[in-house]
Amino acid sequence: MSNKKILLTGGLGYIGSHTAVSLLNSGYDVAIIDDLSNSHIEVKDAIQKITGKKIDVIIGDCGKAEDINRAFEECGPIYAVVHFAGFKAVGESVHKPLKYYKNNLESAIETINACFKYGCKNFIFSSSATVYGNAQRMPIVESDLLSYTQPYGETKLVIENMLCGICKAEKDFNVIMLRYFNPVGAHESGLIGEDPNGIPNNLMPYITKVAVGKLEKLTIFGSDYPTPDGTCVRDFIHITDLAEGHVKAVDKIGHLENNIEAVNLGRGKGVSVKELVDTFNEISNGACKAVYGPRREGDVPVSYADVKKANEVLGWKARLGVKDMCISAYKWELSHMEKK
Ligand code: NAD
Ligand code: UD1
């Protein structure tokens, strides 16, 4: 058992809260800084209830030096930072790019600055498959060409490039950039999960909201893609598996061969939108009414990861399948609905 302390920026959010649970269950201590811009303080209690362990939570903006410094001072020494904080709505980033440049870049820069100020040598960054832009070759390998198609993706790529530059100059600073594919599902307890504001843009939260009657029907965007059933194909990954990937990255980060690595976190399996909806309907007695509609602008037909590197570098592999993703997401939506 270790009692190294890990600071999670944005740790009350969807991926951060599940990662906090996995880290605590693996013997790490956890501190969180979150400005509650897309989360609720109640998540702290849920994490503590699931794990039976206490965590430190600082309410603050990690893009402000005084707030992130306070987190290091009150919670330190910090062994590693996992930097989740940022805005993530692709569509909004097109309409409000400055909001994304400001928060995503400032939060990364100030958090890295604080790592140097307080002697924290290990930094894990929440990147995204979005850094592959419109990838043409599947599965996507980490060494494939990087690009962006919208400001959100641009911020992820700029931060990745920044981290490469920093690691070239600072050989004892270790970085793992985790490129997530499509995280879905929730913790099996039904106590934490994805809680988007307003009408969801992403597929799984839309499906579960239709299933509980909060939305009328799901529109499947496009049925004429060059895929086996005509709907888009994605690499959906269970949030619990994704969280475990972060634990493996924390385990590994002090022992990297190179001081910076980019690693895909996906299942390495393409699943179509129709397959996901069909599986959800199997486990929910047909609760999600779906119709076909036109394609959504900006969607790529197929996206799935090559996951060899995650296995080789982190010793990690996703375990849970599509059924588990659907069951846990539905359970979360139902328990969440009771609370509201
Ligand atoms: P989320 O919005 O649920 O969590 C982000 C958290 O960061 C929220 O709790 C929010 O309040 C907080 N936050 C935002 N700006 C902050 C700031 N300046 N200071 C302190 N806290 C701040 O999002 P998520 O789904 O958990 O995503 C976490 C990270 O993973 C993000 O960087 C996102 O871009 C990245 N990512 C997410 C997905 C996905 O599908 N969810 C896919 C790829 C990458
Ligand atoms: C999107 C982002 C990606 C980001 C990820 C997680 C784009 C182009 N990509 O991925 O950068 O990392 O979210 O936040 O925005 N779908 C429907 N009906 C719906 C909603 C979605 O059919 O109501 C389909 C989409 O067309 C897509 C698939 O479901 O084919 C998955 O969509 P979504 O969950 O939004 O994720 P991505 O678009 O893959």
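Before reading on, note that the structure itself is shown above.
A quick note: this is a predicted structure, and the numbers were derived from the prediction, not measured.

Visitor: What is the right way to read the overall build of the chain from this model?
Guide: The number of helices and strands found in the chain is 11 helices and 13 strands. By the compact-globule yardstick of 20 Å for 340 residues, the chain fits well, its C-alpha radius of gyration being 19 Å. Principal axes of the C-alpha set define a box for the chain whose edges measure 55 × 45 × 40 Å. In the chain, buried positions account for 54% of the 340 residues. Accessible area for the chain stands at about 15100 Å²; split by element, carbon and sulfur atoms hold 51% of it. For the chain, the distance from the average site of its 39 positive side-chain charges to the average site of its 42 negative ones is 2 Å.

Visitor: How do you make sense of the sheet that holds strand 6 (residues 174-180) when you look at a structure like this?
Guide: On the basis of which strands lie adjacent, the open sheet formed by seven strands has the order 3-2-1-4-5-6-11 and parallel pairing. Both outer strands of the open sheet, strand 3 (56-59) and strand 11 (260-265), are each paired with one neighbouring strand and no more. On average, each strand axis in the sheet is inclined to that of its neighbour by 20°, with strand direction left out of account. In this structure, strand 6 lies alongside strand 11, joined through six bridges in parallel fashion. Across the sheet, Arg 179 pairs through a bridge with Asn 264, a residue of strand 11.

Visitor: What exactly am I supposed to notice about unusual backbone geometry here?
Guide: Where the residue is not glycine, phi is negative for most of them; where a peptide bond is considered, it is trans in most cases. Note that the residue after Gly 76, namely Pro 77, is joined by a cis bond; omega there is 0°. Residue placement: Pro 77 occurs in the loop between helix 3 (65-75) and strand 4 (80-83). Here the residue pair Met 138 and Pro 139 is connected by a cis peptide bond, since its omega of -10° sits within 30 degrees of zero. For Pro 139, the location among the structural elements is in the loop between strand 5 (122-128) and helix 6 (151-169). Phi is positive for Leu 36, close to 60°, though the residue is something other than glycine.

Visitor: I tried to follow the side chain of Ser 93 on my own but got confused; where do I start?
Guide: With respect to the helices, strands and loops of the structure, Ser 93 is situated in helix 4 (residues 90-95). Under the relative-accessibility criterion, Ser 93 is labelled buried at 0%. Beyond its immediate chain neighbours, meaning those up to four positions away, Ser 93 contacts Tyr 100, Gln 150, Pro 151 and Tyr 152.

Visitor: What is the right way to look at the site of ligand 1 in this model?
Guide: Neighbouring ligand 1 are 27 residues, the closest being Asp 34, Asn 38, Ser 39, Lys 88 and Tyr 152. Here an oxygen atom of ligand 1 sits 2.7 Å away from a polar atom, N or O, in the side chain of Asp 34. Lys 88 has a polar side-chain atom sitting 2.8 Å from an oxygen atom of ligand 1. Here ligand 1, which alone exposes 810 Å², has 95% of that area covered by the protein. Going through the elements one at a time, helix 1 (14-25), helix 5 (97-117), strand 5 and helix 6 are the ones with two or more residues in the shell around ligand 1. The element best represented in the shell around ligand 1 is strand 5, accounting for three residues. In terms of residue class, the shell around ligand 1 is made up of 10 nonpolar, 12 polar and five charged.

Visitor: What exactly am I supposed to notice about the site of ligand 2 here?
Guide: Around ligand 2 there are 18 residues in total, and Thr 219, Phe 221, Arg 234, Arg 296 and Asp 299 lie nearest to it. Here a nitrogen atom of ligand 2 sits 2.8 Å away from a polar atom, N or O, in the main chain of Thr 219. Phe 221 places a main-chain nitrogen or oxygen 2.8 Å from an oxygen atom of ligand 2. Against a free-state accessible area of 730 Å², the protein chains account for coverage of 85% of ligand 2. At the level of secondary structure, the elements contributing two or more residues to the shell around ligand 2 comprise helix 7 (203-211) and strand 8 (218-221). The element that contributes the greatest number of residues to the shell around ligand 2 is strand 8, accounting for four residues. Counted by class, the shell around ligand 2 contains eight nonpolar, seven polar and three charged residues.

Visitor: How do you make sense of the nonpolar core when you look at a structure like this?
Guide: A general tendency of soluble globular proteins is for nonpolar side chains to be buried together. Of all hydrophobic cores here, the largest spans 39 residues; its most connected members are Leu 8, Ile 32, Ile 47, Ile 176, Leu 178 and Leu 314. Broken down by element, this core gets its largest block of residues, six residues, from helix 1. Sequence-distant contacts of Ile 176, that is, excluding residues within four places in its chain, are made with Phe 123, Ile 124, Phe 125, Ala 249, Ile 253, Leu 256, Glu 261, Val 263 and Leu 314. If you look at the next biggest cluster of nonpolar residues, it comprises 27 residues, including Phe 72, Leu 105, Phe 123 and Leu 163.

Visitor: I tried to follow the packing of helix 5 against helix 6 on my own but got confused; where do I start?
Guide: In a pair of packed helices, the angle between the axes and the distance between the axes together describe the arrangement. Running from N to C, helix 5 and helix 6 point in directions that differ by 25°, and their axes come no closer than 9 Å. The pairing of helix 5 with helix 6 is recorded here as roughly parallel in orientation. Crossing geometry of helix 5 relative to helix 6 is assigned as right-handed. In contact with Pro 97, Tyr 100, Tyr 101, Asn 104, Leu 105, Ala 108, Ile 109, Ile 112 and Phe 116 of helix 5, helix 6 contributes Pro 151, Tyr 152, Glu 154, Thr 155, Val 158, Ile 159, Met 162, Leu 163 and Ile 166. By residue class, the composition of the contact of helix 5 with helix 6 is 15 nonpolar, two polar and one charged.

Visitor: In this structure, what is going on with a nonpolar patch on the surface? I would like to understand it.
Guide: On the surface, Leu 36, Ile 41 and Ile 59 cluster together into a nonpolar patch covering about 210 Å² of accessible area. Counting through the fold element by element, Ile 41 comes out in the loop between strand 2 (29-34) and helix 2 (42-51). Relative accessible area serves as the criterion here: at 37%, Ile 41 is assigned to the partly exposed category.

Parameters at a glance
Residues numbered from 1 in each chain as written. Chains lettered and ligands numbered in written order. Predicted model: local features only at pLDDT ≥ 70, side-chain atom pairs only at ≥ 80, totals over all residues. Heavy atoms only, no water. Helix = DSSP H or I, 4+ residues; strand = E, 2+ residues; numbered from the N terminus. Rg over C-alpha atoms; globule rule 2.2 N^0.38 Å. Buried < 20%, exposed > 50% of the residue type's maximum accessible area, 1.4 Å probe, protein only. Areas by Shrake-Rupley, 256 points an atom, 1.4 Å probe, with all protein chains shown as cover. Lys, Arg positive; Asp, Glu negative; His and termini not counted. Charge placed at Lys NZ, Arg CZ, Asp CG, Glu CD. Pairing = 2+ DSSP bridges. Axes fitted to C-alpha atoms, helices over the stretch in contact; angles between N-to-C directions. Contact = heavy atoms within 4.5 Å. Near = heavy atom within 4 Å. Polar contact = N/O pair within 3.5 Å; in protein donor to acceptor, adjacent residues only side chain to side chain. Nonpolar A, V, L, I, M, F, W, Y, C, P; charged D, E, K, R; others polar. Core = buried A, V, L, I, M, F, W, Y, C linked by side-chain atoms within 4.5 Å. Parallel < 35°, antiparallel > 145°, perpendicular 65-115°, else oblique. Left-handed = near helix turned anticlockwise from the far one by under 90°. Patch = residues over 30% accessible without salt bridge, like charges linked within 9 Å, V, L, I, M, F, W, Y side chains within 5 Å. Salt bridge = Lys/Arg side-chain N within 4 Å of Asp/Glu carboxyl O.

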